[in-house]
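The primary structure of each chain is shown beneath.
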Amino acid sequence: MSITAIKGFNDLLPSESGLWQFIEQTARQVFARYGFNEIRVPIVEKTELFCRSIGDTTDIVEKEMYTFTDKGGSSLTLRPEGTASVMRALIEHKLYALDSINKLYYMGPMFRHERPQKGRYRQFHQIGAEVTGAADPLIDAQVLLMVSRLFKELGLTEPSLQINSLGCPVCRPAYREALVAFLAQRQDALCEDCRRRQTTNPLRALDCKVPGCVEATKGAPAMLEHLCPECDLHFSAVQNYLAVAEVPFSLNPRMVRGLDYYTRTTFELVTGLLGSQSAVAAGGRYDGLVEQLGGPAVPGIGFALGVERVALLLGDRNFDGTPDLFIAVLGDAARTAGFHLMAGLQDQGFWVETDCEGKSLKSQMRRADKLKARYSIVLGDTELTAGSGSVKCMGDGSQQAVNLTVAAITEILTGG
RNA sequence: GUGGCCAUGGUGAAGCGGUUAACACUUACGACUGUGACUCGUACAUUCGAGGGUUCGAUCCCCUCUGGCCACCCCA
């Protein structure tokens, strides 16, 4: 058996790369309009970074990270998400000192050891953006506006925006207690997982899909009703700004996060078209994260989208271009002349193809057709002596005489 | 990590104990000796994910492994 790729690690083949480039390019264009600059951070970080940011007791850190010991004895990890690295870089290079507001975006592979499924792989790709330095709800709304515009530019209307507020260190502990007390009364109705999570992450019970849990948590206290005055004000301001910008959204009081660092505004773009992989993009505010990682008390908010999932939503689209001209050649002299002509036309910016296998004219024409070349030209002894030939339009089969010069052919290629 | 279903060429797939392993597409060459598309012809799986077992014989039955899909879990 020949060597294959690792389970959950996929090749992106030429037939799909056009779609990915479209997604990436659209993201870059949209982000630029909102003043974001790209940051490129390493794929491997010290394990501690993720433990401290994502949270020791989260599933990601507990059982999904690709962690290994390097030759120097340090524990390193293939990044499972992007925000931690970006914040690490922000602190390490004191970017917060250069400018009070930093707007950064990134794209690249992330790694989580999960069971592969459609839209979920062990190496997957995210495009994300982060804003640090501003706690104002206007920033929350701006990020949401940008996300919604990005999906619009991508041509997707399907994923819908859901928002929620998770409160802050002032109001969340009290809410958590209220919820734990509520759940404690309904112990018997809860599933095994939810009972286990009561001490680690009780909020998850709100998101549980087991029928018993759904039933048991029906009257559960909602975070939105336990927000402190500041958080409450912040959240209603976010909603007002969204209304001003005409960004459609719905409230999902049960939305929780798998990462510990989130505070206040959280959001998801969800779709019903990807089976259980319903989240296409997600993010939220993380006001304590930078400080938690040893930096100053800088607030932040960001999001990431799953490129594989967006690609699935966009489906099969043809992004392939076609050659402008195919030069068919007969004999060595023509081959050399054709090569010269090809080089000149390529310098003019045209996509030009020619035979490189010494094939018959028929085969060369077939290839021109298969490549969907717009025009073709045949070069043989007759053309070389005459210094002219005829260019054939592959669409309608018409031919027109032309001198064998870059200028003359350029005129036809641009004119037609 | 748990459970269910699945695995035949470059692709989509028939076959289901003994077959030349169908058919279609793709690809290559030719009919058309200097002009593609349509048409026609020819070629393309000693082999049925890998390894064992049962059998006179296994693509077909059994086991193990690997991979895929779906659901759970989790999440982008």
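Definitions and cut-offs
Residues numbered from 1 in each chain as written. Chains lettered and ligands numbered in written order. Predicted model: local features only at pLDDT ≥ 70, side-chain atom pairs only at ≥ 80, totals over all residues. Heavy atoms only, no water. Helix = DSSP H or I, 4+ residues; strand = E, 2+ residues; numbered from the N terminus. Buried < 20%, exposed > 50% of the residue type's maximum accessible area, 1.4 Å probe, protein only. Contact = heavy atoms within 4.5 Å. Phe/Tyr/Trp six-rings, centres within 6.5 Å; stacked < 30°, edge-to-face > 60°. Lys NZ or Arg CZ within 6 Å of the ring centre and 35° of its normal. Pairing = 2+ DSSP bridges. Axes fitted to C-alpha atoms, helices over the stretch in contact; angles between N-to-C directions. Right-handed = clockwise from strand over helix to strand, strands pointing away. Domains from an automatic or database assignment. Near = heavy atom within 4 Å. Nonpolar A, V, L, I, M, F, W, Y, C, P; charged D, E, K, R; others polar.

### Some points on the side chain of T410
Mapped onto the elements of the fold, T410 is located in helix α16 (residues 406–415). Since its relative accessible area comes to 16%, T410 is described here as buried. What T410 contacts, discounting residues up to four positions off in sequence, is L345, Q348 and F350.

### Some remarks on the packing of aromatic side chains
In the structure shown here, the tally under the stated rule is 8 aromatic pairs. Each ring, one from F31 and one from F303, has its centre 6.2 Å from the other, and the planes form 75 degrees; the classification is edge-to-face. One end of the pair, F31, is in helix α1 (residues 14–33); the other, F303, is in strand β11 (residues 300–306), with 272 residues separating them in the sequence. For F303, a relative accessible area of 2% puts it in the buried group. Here Y261 and Y262 contribute two aromatic rings whose centre-to-centre distance is 4.9 Å and whose plane-to-plane angle is 50 degrees, an arrangement assigned as tilted. Y262 carries the same exposure label as Y261, and that label is buried. Grouped by ring-pair contacts, the aromatic residues F31, F36, Y105 and F303 constitute a single cluster. The residue whose ring lies beneath R257 is Y262, and the NZ or CZ to ring-centre distance is 5.4 Å.

### Some points on the sheet that holds strand β14 (residues 375–379)
Pairing in this open sheet of 5 strands is mixed, and the strands run β13-β12-β14-β15-β16 from one edge to the other. Each edge of the sheet is formed by a strand with only one pairing partner; in this case those strands are β13 (352–354) and β16 (399–403). Between one strand axis and the next, the sheet turns by 25 degrees as a mean value, whatever way the strands run. Relative to β13, strand β12 (residues 325–329) runs parallel, the two being bridged by 3 bridges.

### Quick notes on the pairing of β12
Burial analysis of β12 places 5 of its 5 residues in the buried class, the great majority of the element. Of the two faces of β12, the one carrying L325, I327 and V329 and the one carrying F326 and A328 are both buried. Between β12 and its parallel partner β13, the chain crosses via helix α13 (residues 332–347), and the hand of that crossover is right-handed. Of the strand pairs in this sheet, β12 and β14 are connected by 5 bridges, and their pairing is parallel. From the neighbouring strand, A328 faces β14, where its bridge partner is V378.

### Some words on the domain arrangement of chain A
Entries for chain A in the domain assignment read domain 1 (14–167 + 227–314), domain 2 (172–223) and domain 3 (325–415). On a C-alpha basis, the centres of domain 1 and domain 3 stand 50 Å from each other.

### Some thoughts on the pairing of strand β5 (residues 102–111)
Judged by how many residues are buried, β5 sits mostly within the fold: 9 of 10 residues are covered. Alignment of β5 against strand β6 (residues 123–132), held across 10 bridges, turns out to be antiparallel. Pairing of F111 across the sheet is with Q123, part of β6.

### Observations regarding the sheet that holds strand β2 (residues 44–46)
Taken together, 3 strands build an open sheet; the order of strands is β2-β4-β3 and the sheet is antiparallel. Strand pairing shows two members of the sheet lacking a second neighbour, β2 and β3 (66–69), which therefore form its edges. The average undirected angle you get between the axes of adjacent strands in this sheet is 35 degrees. Note: β3 against strand β4 (residues 75–78), 4 bridges, orientation antiparallel. The residue bridging T69 from the neighbouring strand is S75, located in β4.

### Looking at the protein's contact with RNA strand B
Around RNA strand B, the structure places 46 residues, and the nearest of them are R120, R197, G258, T382 and E383. Here the atoms of RNA strand B within 4 Å of the protein split so that 50% fall in sugar or phosphate, with bases taking the remainder. For the surface near RNA strand B, the secondary-structure elements that each account for two or more residues are α3 (59–64), β6, β10 (279–285), β11, α14 (361–370) and α15 (381–386). With 7 residues, the top contributor of residues to the surface near RNA strand B is α14. Here the residues of the surface near RNA strand B sort into 13 nonpolar, 12 polar and 21 charged.

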